[in-house]
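# Understanding the architecture of this molecule
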Amino acid sequence: MTTRPIARFAGLGVAVPEKILTNTDFEKILDTSHEWIVERTGIRERHIADEDTSVAMLAEQASKGAMARAGIGPEDVDAIILGTATPDRLLPATACDLQALLGADKAVAFDVSAACPGFLYSLGVAEGFIASGLAQNCLVVGAEKLSTITDYTDRSTAILFGDAAGAAVVQPAEGDGRGVLSMFLRSDGKLAPLLYRPGGGACDPISTKVVEERSQYMKMAGREVFKAAVRTMAQACDEALTRAGVSADDIDLLVPHQANIRILEATAKHAGVPMDKVMVNVDRYGNTSSASIPLALDQAVAEGRIKQGSLLLLVAFGAGFTWGSAVVRW
Ligand code: COA
């Protein structure tokens, strides 16, 4: 059995569209208020990509940042593993478009469909590729244009989501104890109807009926998702800590998927991590699904909250249901 850490983070990059949608903007189109949104979700604004910006383009910008920081070029990339719930097309994978944009000609490129934990699932795949010798330099990406599957007439979901991308170059660990110390991934397909996009896939291909019913957009049972999120994030925190052989007291920063401030607070409380050791930027970006963890990591590094040697607990949940966690020595 391979001993950990197998893989480490060598560089991060992000892409955030310029256009901002504030809570006040929603007050003009929906029966809602800034106060309600802040109180129930913690979200103040989210960024929305314009029509001409594809998911692959957001991923390209984030990937170039990560590659520059890692000091590698496109010719060095062995694998592009891209988590997304909003691929540019159903066929082929958005990772292949990204490969073409980067000119990473020798890489294998494919998407991972695991919704919000897509970055963690992709990190797990990268670890496997590195452990098996299939790849050295992996580009692990989370990229989303959730605005394209959000129903802006539905006040219970419209306010939650934003667009962004985050990327990391993941390389073999160097034997200095830094890297991914533990990982836990889990799914429960029985919970799929709580958060899903009913139309537009092979089950119910795009049609006039699908468009009339607006079933190409996300549907969500908010309260049930909330409860499942708190339960699964709690389990994921416990598992990652136990597998790494560390306690909550050892954690320098908890970096959770940014879905809702109340879910983050409940997760931190369960894990036993005080809120001053929790990375929160849901107020600025809303829920950016698979981009959320690399976006939070990048900001925490820029703010000096993550330094070399910091011990991090990453945790996420999302549609599927899928959930997962990792303890990382930075
Ligand atoms: N503005 C004003 N009122 C709203 C509203 C909005 N944007 N959205 C919903 N409401 C209303 C509801 O219609 C309901 O009204 P009613 O009592 O007259 O029926 C009331 O607020 C309470 O709705 P409820 O759904 O119980 O609220 P909530 O406290 O659960 O908050 C969410 C709703 C969506 C914010 C919350 O459930 C949530 O965050 N769930 C998790 C979502 C998530 O993270 N999804 C992504 C997973 S990766």
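Cut-off values and rules
All residue numbers here refer to positions counted from 1 along the written sequence of the relevant chain. Only residues with pLDDT of at least 70 are given local features in this predicted model, and only at 80 or more are side-chain atom pairs given and counted; all residues enter the totals for whole chains, interfaces and linings. Side-chain calculation: all heavy atoms of the structure are included, whereas hydrogens and water are not. In DSSP terms, a helix is any run of H or I states spanning at least four residues, a strand is any run of E spanning at least two, and both are numbered starting from the N terminus. Working rule for contacts: check all heavy atoms of both residues, and any pair within 4.5 Å makes them a contact. The accessible surface values rely on the Shrake-Rupley method and a 1.4 Å probe; as for residues, cover is taken only from the protein chains in view. Residue ranges for the domains trace back to a domain assignment, done automatically or taken from a database. Each of two parts loses accessible area, computed with a 1.4 Å probe, when they are put together; buried area is these two losses added. What makes a salt bridge here is a side-chain nitrogen of Lys or Arg within 4 Å of a carboxyl oxygen of Asp or Glu, nothing more. The definition of a polar contact used here is a pair of N or O atoms within 3.5 Å, where within protein one atom must be able to donate a hydrogen and the other to accept one, and adjacent residues in sequence count solely through side-chain atom pairs. Note that Gly is not counted as nonpolar here; it falls among the polar residues with everything else outside the nonpolar set of Ala, Val, Leu, Ile, Met, Phe, Trp, Tyr, Cys and Pro and the charged set of Asp, Glu, Lys and Arg. A pair of sulfur atoms, both from cysteines and within 2.5 Å, is called a disulfide here. Only protein chains enter the accessibility calculation, which uses a 1.4 Å probe; a residue is then buried when its area is under 20% of its type maximum, exposed when over 50%, and partly exposed in between. Only strands joined by at least two bridges in the DSSP assignment are considered to pair. Fitted lines through C-alpha atoms give the axes, limited to the stretch in contact for helices. The angle between two N-to-C directions lies from 0 to 180 degrees. Note on definitions. A residue lies near a molecule or strand when any single heavy atom of the residue is within 4 Å of it. Surface patches are defined over residues having more than 30% relative accessible area and no salt bridge, joining like charges when they lie within 9 Å and nonpolar side chains (Val, Leu, Ile, Met, Phe, Trp, Tyr) when within 5 Å. We score Asp and Glu as negative and Lys and Arg as positive, and we do not count His or the chain ends. All charge positions are set by atom: Lys at NZ, Arg at CZ, Asp at CG, Glu at CD. Residues are said to line a cavity or pocket when one of their atoms sits within 4 Å of a point; the points come from a 1 Å grid over protein atoms alone, cavities being sets where a 1.4 Å probe fits but cannot get out and pockets being open sets with protein on both sides within 12 Å along at least five of seven lines. Grid points are joined across faces, edges and corners, and a volume is the space filled by probe spheres set on the points.

## What about the overall build of the chain?
- Helix and strand counts for the chain come out as 11 helices and 13 strands.
- Considered along the principal axes of its C-alpha atoms, the chain spans approximately 55 × 45 × 35 Å.
- Expressed as a percentage of contacts within the chain between residues at least 6 apart in sequence, the contacts between residues at least 24 apart total 76%.
- As presented, the chain carries roughly 13600 Å² of accessible surface, and 52% of it is formed by carbon and sulfur atoms.

## Focus: the domain arrangement of the chain
- Domain assignment breaks the chain into domain 1 (7-175) and domain 2 (180-329).
- For domain 1 and domain 2, the distance between their C-alpha centres works out to 14 Å.
- Across the domain 1 to domain 2 interface the summed buried area is about 3700 Å²; carbon plus sulfur atoms make up 66%.
- Applying the counting rule to domain 1 against domain 2 returns two salt bridges.
- When the shortest N-O distance is used, the salt bridge between D298 and R69 registers 2.7 Å.
- At the junction of domain 1 with domain 2, the criterion picks out 21 residue pairs in polar contact (both at pLDDT 80 or more).
- For the side of domain 1 that touches domain 2, the elements supplying multiple residues, two or more each, are β1 (7-15), α2 (34-41), β3 (45-47), α5 (118-132), β6 (138-145), α6 (155-158) and β7 (163-172).
- Ranked by residue count, the leading element in the side of domain 1 that touches domain 2 is α5, at seven residues.
- Looking at the side of domain 1 that touches domain 2 residue by residue, the class counts come to 24 nonpolar, 16 polar and 10 charged.

## Concerning the state of the cysteines
- The full count for this structure, using the stated rule, is zero disulfides.
- For C96, which is in no disulfide, the shortest distance to another cysteine sulfur is to C138 and amounts to 15 Å.
- The exposure class assigned to C96 is partly exposed, which follows from its relative accessible area of 29%.

## Remarks on the sheet that holds strand β12 (residues 311-318)
- Taken in spatial order, the four strands make up an open sheet running β8-β13-β12-β11, and their pairing is mixed. Because the sheet does not close on itself, it has two edges, and the strands there are β8 (179-187) and β11 (253-256). Neighbour-to-neighbour, the strand axes of the sheet open up by a mean angle of 10°, direction not taken into account.
- Across the sheet, helix α11 (residues 292-302) lies against β11 and β12, angled at about 145° from β11, the strand it touches most.

## Overview of the site of the ligand
- Taken together, the neighbourhood of the ligand is formed by 23 residues, with T32, R40, R155, R223 and N260 sitting nearest.
- Contact with the protein chains covers 76% of the free accessible surface of the ligand, which is 950 Å².
- Looking at the shell around the ligand, the elements that each hand over two or more residues are α2, α6, α8 (222-244), α9 (261-271) and β12.
- When residues of the shell around the ligand are assigned to their parent elements, the largest contribution, four residues, is made by α8.
- The residue makeup of the shell around the ligand, split by class, is 10 nonpolar, eight polar and five charged.
- Looking at the shell around the ligand, you find at least three residues from each of domain 1 (7-175) and domain 2 (180-329).

## Observations concerning a positive patch on the surface
- A cluster of basic side chains, namely R40, R223, K227 and R262, defines a positive patch on the protein surface.
- With respect to the element layout, R40 can be found in helix α2.
- According to the relative accessible area criterion, R40 is partly exposed, its value standing at 35%.

## Notes on the layout of surface pockets
- Taken as a whole, the largest pocket encloses approximately 900 Å³ of empty space.
- Lining the largest pocket are 34 residues, with A85, T86, S113, I149 and R197 positioned closest to its centre.
- At the level of elements, β5 (108-112) and β9 (195-196) are the ones that each hand at least two residues to the lining of the largest pocket.
- Class assignment for the residues of the lining of the largest pocket results in 18 nonpolar, 11 polar and five charged.
- The residue makeup of the lining of the largest pocket includes at least three contributed by each of domain 1 (7-175) and domain 2 (180-329).
- Its boundaries defined by the atoms lining it, the second largest pocket holds a volume of some 580 Å³.
- In terms of lining residues, the second largest pocket is bounded by 26 residues, among which S156, M220, G222, N260 and R262 are the most central.
- Elements supplying a minimum of two residues to the lining of the second largest pocket: α2, α6, α8, α9 and β12.
- Counting residues per element, the lining of the second largest pocket draws most heavily on α8, at four residues.
- Taken together, the residues of the lining of the second largest pocket break down into 12 nonpolar, nine polar and five charged.

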